[in-house]
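The chain contents come next:
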Amino acid sequence: MDEIVQSVLEAMTRAGLVDVEVSARHVHLSQAHLEALFGPGATLTPKRPLSQPGQFLSEERVSIIGAKGRKDRVAVLGPVRPDTQVELSKSDCVELGVKAPVRESGDVAGSGAITIEGPCGQITIVQGAIIAHNHVHLTPEAAQAMGVEDKQHVSVEVLSDRPVTFRDVIIRVSNKFSCRMHIDFDEANAALVNGFTLGRIIK
């Protein structure tokens, strides 16, 4: 069975195909902010692994608060990061009254402000709220097979019942990745992404 799965994955790569995943709103916390929200010495409790190796959905949840409203029970992803980051869709930003730019994950300098509330406290970050730039995670082997490079910008045709081609999609290459495209709920709804969906990389 493993050999069959591997053969299918290799065939997908040769065809320039990648699994499209939908990323819901979520929060990444620094250790200092984790402790401010959940108490001194707090750690994240893994609930289930995510598709990217080493990443996980935690048991912990927070509320996020903007000028116009709040959203409760927002997912916290682990492990902790150097900088706190809140990833939202444009619809989330409108509902909350948050001004967040489109950015690559980790690029938080000068991004949006937002308040985060946990069971033990509340913090307001002056930067860290972003709309994540859609992107494709690839292993070096997959990138070589597809003829693309790290940081290259490509188009991706989403093969759904309402086919949509996303332009300016960022390729991210690392031997720590598994091959996935990540889009947010607004993008997924526009393309009618539901369940297992493939995207075709167009250079």
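Reference entry: report on the structure contained in this document. (Residues numbered from 1 in each chain as written. Predicted model: local features only at pLDDT ≥ 70, side-chain atom pairs only at ≥ 80, totals over all residues. Heavy atoms only, no water.)

### Examining the layout of surface pockets
The method is simple in principle: a probe with the dimensions of a water molecule rolls over the atoms, and the space it marks as empty is what remains. What counts is decided by this rule: Cavity means a closed set of points on a 1 Å grid over the protein atoms alone, one where a 1.4 Å probe fits but cannot get out, pocket means an open set with protein on both sides within 12 Å along at least 5 of 7 lines, and lining means a residue has an atom within 4 Å of a point. Grid points are joined across faces, edges and corners, and a volume is the space filled by probe spheres set on the points. Helix and strand assignments come from DSSP, with helices taken as H or I runs of at least 4 residues and strands as E runs of at least 2, each series counted from the N terminus. Under the scheme applied here, ten amino acids are nonpolar (Ala, Val, Leu, Ile, Met, Phe, Trp, Tyr, Cys and Pro), four are charged (Asp, Glu, Lys and Arg), and all others, including Gly, are polar.
The space that makes up the largest pocket amounts to roughly 970 Å³. Lining the largest pocket are 44 residues, and of these S23, H26, L50, L77 and H182 sit closest to its centre. A per-element tally of the lining of the largest pocket places helix α5 (residues 185-190) first, with four residues. For the lining of the largest pocket, the class distribution of residues is 13 nonpolar, 16 polar and 15 charged. Here the second largest pocket defines a volume of roughly 310 Å³. For the second largest pocket, the lining is made up of 16 residues, of which L9, E10, T13, C179 and R180 are closest to its centre. Going through the elements one at a time, α1 (2-14), β1 (17-23) and α4 (140-146) are the ones with two or more residues in the lining of the second largest pocket. In terms of residues, the lining of the second largest pocket owes the most to one element, α1, which gives five residues. Classifying every residue of the lining of the second largest pocket by side-chain character gives eight nonpolar, four polar and four charged.

### Details of the side chain of S63
Under the convention used in this document: Classification of residues uses two cut-offs on accessible area relative to the type maximum, computed with a 1.4 Å probe and protein chains only: under 20% is buried, over 50% is exposed, and between them is partly exposed. Under this definition, polar contacts are N or O atom pairs within 3.5 Å; protein pairs additionally need one hydrogen-donor-capable and one acceptor-capable atom, and for neighbouring residues in sequence, both atoms have to be side-chain atoms. Residues are treated as being in contact if the distance between any of their heavy atoms lies within 4.5 Å.
Counting through the fold element by element, S63 comes out in strand β4 (residues 56-65). Residue classification places S63 among the buried positions, given a relative accessible area of 10%. In this structure the side chain of S63 is engaged in a polar contact, spanning 3.2 Å, whose partner is the side chain of R70. Separated by 2.6 Å, the side chains of S63 and D72 make a polar contact. What S63 contacts, discounting residues up to four positions off in sequence, is R70, K71, D72, R73, T115, I116 and E117.

### Structural notes on the sheet that holds strand β12 (residues 164-173)
Note the following rule: A pair of strands is considered paired only if DSSP assigns at least 2 bridges between the two. To obtain an axis, a line is fitted to C-alpha atoms, over the contacting stretch when the element is a helix, and the angle between two such axes runs from 0 to 180 degrees between their N-to-C directions.
The six strands are arranged β1-β13-β10-β12-β11-β14 in a closed barrel whose pairing can be described as mixed. Shown here is a sheet whose adjacent strand axes are inclined to one another by a mean of 40 degrees, direction ignored. Pairing of β1 with strand β13 (residues 180-184) involves four bridges; the strand directions are parallel. Residue pairing across strands places V22 opposite I183, the latter belonging to β13.

### A word on the environment of R200
Within the element layout of this structure, R200 appears in strand β14 (residues 198-202). Taking the C-alpha atoms as reference points, R200 and G16, separated by 184 residues in sequence, lie 5.6 Å from one another. In this structure R200 touches A15, G16, L17, S155, V156, E157 and L159, once residues within four positions along its chain are discounted.

### Points about the side chain of D19
Within the secondary structure, D19 is located in strand β1. In contact with D19, other than residues within four places in its own chain, are M12, C179, R180, M181, F196, T197 and L198.

### Focus on the nonpolar core
Cut-off, in case you're wondering: Take the buried residues of types Ala, Val, Leu, Ile, Met, Phe, Trp, Tyr and Cys, join any two whose side-chain atoms come within 4.5 Å, and each joined set is a nonpolar core.
Core analysis: the largest hydrophobic core is formed by 24 residues, its most contacted members being I64, I114 and I116. Elements with a contribution of two residues or more to this core: α2 (31-38), β4, β5 (70-78), β6 (85-88), α3 (90-96), β8 (112-118) and β9 (121-132). In this structure, I116 is in contact with V27, L29, L37, V62, S63, I64, T84, V86, G121, Q122, I123 and I125, ignoring residues within four places of it in sequence. Judged by nonpolar contacts, the second largest core, of 20 residues, contains V20, A188, V193 and I201.

### Looking at the pairing of strand β10 (residues 135-138)
Burial along β10 is two-sided: the residues H135 and H137 and V136 and L138 are all buried. Here β10 runs beside β12; their pairing, made up of four bridges, is parallel. Opposite H135, over in β12, you have I170 as the bridge partner. The pairing of β10 with β13 spans three bridges and is classified as antiparallel. Its bridge partner lying in β13, H135 is registered against H182.

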